[in-house]
Amino acid sequence: MNEILLLNKVCKTYGKTFALKNISLGFKKGIIAGIVGPNGAGKSTLLKIIAGYVSPNRGEVLFFNKRFSFMERQKILSYMPETLDLYPDFYVSEIVDFVFSIYGESGKNLLDALKLHSVFDKKIKQLSKGFKQRVKLFLSLSGNKEIILLDEPFDGFDPLQMKEIFGVIKTENEKGKTFVLSIHHLNHAEKICNYFVLMKDGEVVSCGTLERLKKNYGVLDSSLEEVFERALS
Ligand code: ADP
Ligand code: MG
């Protein structure tokens, strides 16, 4: 019963589209979970439902085995959407000051980790995709929340930068934070996550640790991608 987050028979439709079909999942405290699968699998919808921004048609989401209102959720989790339109004319330093004014300066170490000092005097609209993503990550990690939901956090980074971002997430995870990440690149997920939810067409195809999934599909020397292919065949 040490699951911090439970989804119980969650369904979501948009018109005639079944975005999520009867999803039941449990997430243990302290994991870095990867929701993986191709575009349209339902990954973003799942994160939005956990965050409380989208309501399921059926089913429930429980935190510590209890239902939480939208406001209660915002106290324990932070959610980084895939697209977040930051005010283009704001300077990075203004956003940082704003975050510190809300949460205090406990997130100061994140500025170094995310290398944001170098762009303090730049406006959001002048930033590369990777640096915009770093600002989004700064916003999501600053509040010291217990559960961090990140939708496609590695978009916009080259392989070296991605390693840095993996490091930032791992450091925060070592402080006890639980991560649920939506990732469409299976090889990225394999490098950072220690629990996987494989999704396709709104359904969970399989879930577990990589070791468990490999055993389930009898592919011991395989990558996550090969496991997923086997799971779908
Ligand atoms: P993923 O993040 O895995 O790419 P999504 O959760 O974004 O998947 O989408 C799952 C399905 O739901 C897709 O078929 C998508 O087109 C549909 N969908 C998502 N959001 C909406 C929306 N706001 N209105 C209508 N259909 C949507
Ligand atoms: Mg998505």
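Reading guide: rules and limits
- Residues numbered from 1 in each chain as written.
- Chains lettered and ligands numbered in written order.
- Predicted model: local features only at pLDDT ≥ 70, side-chain atom pairs only at ≥ 80, totals over all residues.
- Heavy atoms only, no water.
- Helix = DSSP H or I, 4+ residues; strand = E, 2+ residues; numbered from the N terminus.
- Buried < 20%, exposed > 50% of the residue type's maximum accessible area, 1.4 Å probe, protein only.
- Contact = heavy atoms within 4.5 Å.
- Core = buried A, V, L, I, M, F, W, Y, C linked by side-chain atoms within 4.5 Å.
- Salt bridge = Lys/Arg side-chain N within 4 Å of Asp/Glu carboxyl O.
- Disulfide = S-S within 2.5 Å.
- Pairing = 2+ DSSP bridges.
- Axes fitted to C-alpha atoms, helices over the stretch in contact; angles between N-to-C directions.
- Phe/Tyr/Trp six-rings, centres within 6.5 Å; stacked < 30°, edge-to-face > 60°.

Colleague: I'd like to hear about the environment of Leu86, residue by residue, with values.
Modeller: Tracing the backbone shows Leu86 in the loop between β6 (77-80) and α3 (92-103). Take Leu86: its relative accessible area is 16%, and that puts it in the buried class. Separated by 34 residues in sequence, Leu86 and Gly52 have C-alpha atoms that sit 21 Å apart. What Leu86 contacts, discounting residues up to four positions off in sequence, is Ile124, Lys132, Val135, Lys136 and Leu139.

Colleague: Kindly report on the nonpolar core, identifying the contributing residues and their values.
Modeller: Ranked by internal contacts, the top residues of the largest apolar core, which has 46 residues, are Phe138, Phe154, Leu181 and Ile192. Excluding its chain neighbours within four sequence positions, the residues that come into contact with Ile192 are Ile32, Phe154, Phe166, Ile169, Lys170, Leu181 and Ile183. Listed in part, the 30 residues of the second largest apolar core include Ile4, Ile31, Leu77 and Met199.

Colleague: Report on the pattern of salt bridges, specifying residues and quantitative values.
Modeller: Tallied over the entire structure, the rule returns twelve salt bridges. Its salt-bridge partner being Glu105, residue Lys108 comes within 2.9 Å of it at the nearest N-O pair. Here Glu105 falls in the partly exposed class, since its relative accessible area comes to 46%. Taking the shortest distance from any N to any O, the salt bridge between Lys177 and Glu172 comes out at 2.7 Å. You can call Lys177 buried: its relative accessible area is 5%.

Colleague: Break down the state of the cysteines for me, with residues and values.
Modeller: Taken as a whole and judged by the stated rule, the model has zero disulfides. Here Cys11 is not cross-linked by a disulfide; its sulfur's nearest cysteine counterpart is in Cys207, at 16 Å. On the basis of relative accessibility, which here comes to 9%, the residue Cys11 falls in the buried class. Sulfur of Cys193: no disulfide; nearest cysteine sulfur belongs to Cys207 and is 13 Å away.

Colleague: Please set out the sheet that holds strand β1 (residues 3-14) residue by residue, giving values where relevant.
Modeller: Hydrogen bonds between backbone groups are what pair the strands of a sheet, and the pairing can be parallel or antiparallel. Taken in spatial order, the four strands line up as β2-β1-β4-β5 in an open sheet, and their pairing is antiparallel. Bordering the open sheet on either side are β2 (17-28) and β5 (66-67), each of which pairs with just one other strand. Pairing of β1 with strand β4 (residues 58-63), which is carried by five bridges, proceeds in the antiparallel orientation. Across the sheet, the residue bridging to Cys11 is Arg58, located in β4. On the sheet, helix α1 (residues 43-51) packs against β1, β2 and β4 and is oriented at approximately 120° with respect to β1.

Colleague: Explain unusual backbone geometry to me, and be specific about the residues and the numbers.
Modeller: Phi at Lys9 takes a positive value of approximately 50°, unusual for a residue other than glycine. In this fold, Lys9 is placed in strand β1. Despite not being glycine, Phe64 has its phi angle at roughly 50°, a positive value. Position of Phe64 among the secondary structure elements: in the loop between β4 and β5.

Colleague: Give me the lowdown on the packing of aromatic side chains, citing residues and values where you can.
Modeller: Here the structure, examined in full by the defined rule, presents eight aromatic pairs. Look at Phe63 and Phe68: their rings are 5.3 Å apart centre to centre, the planes differ by 50°, and that puts the pair in the tilted class. For the pair Phe63 and Phe68, one class covers both residues: buried. Pairing Phe100 with Phe138 gives two aromatic rings, centres 6.1 Å apart and planes at 70°, and the pair type is edge-to-face. Taken together, the residues Phe100 in helix α3 and Phe138 in helix α5 (residues 129-142) connect sequence positions 38 residues apart. Under the relative-accessibility criterion, Phe100 is labelled buried at 13%.

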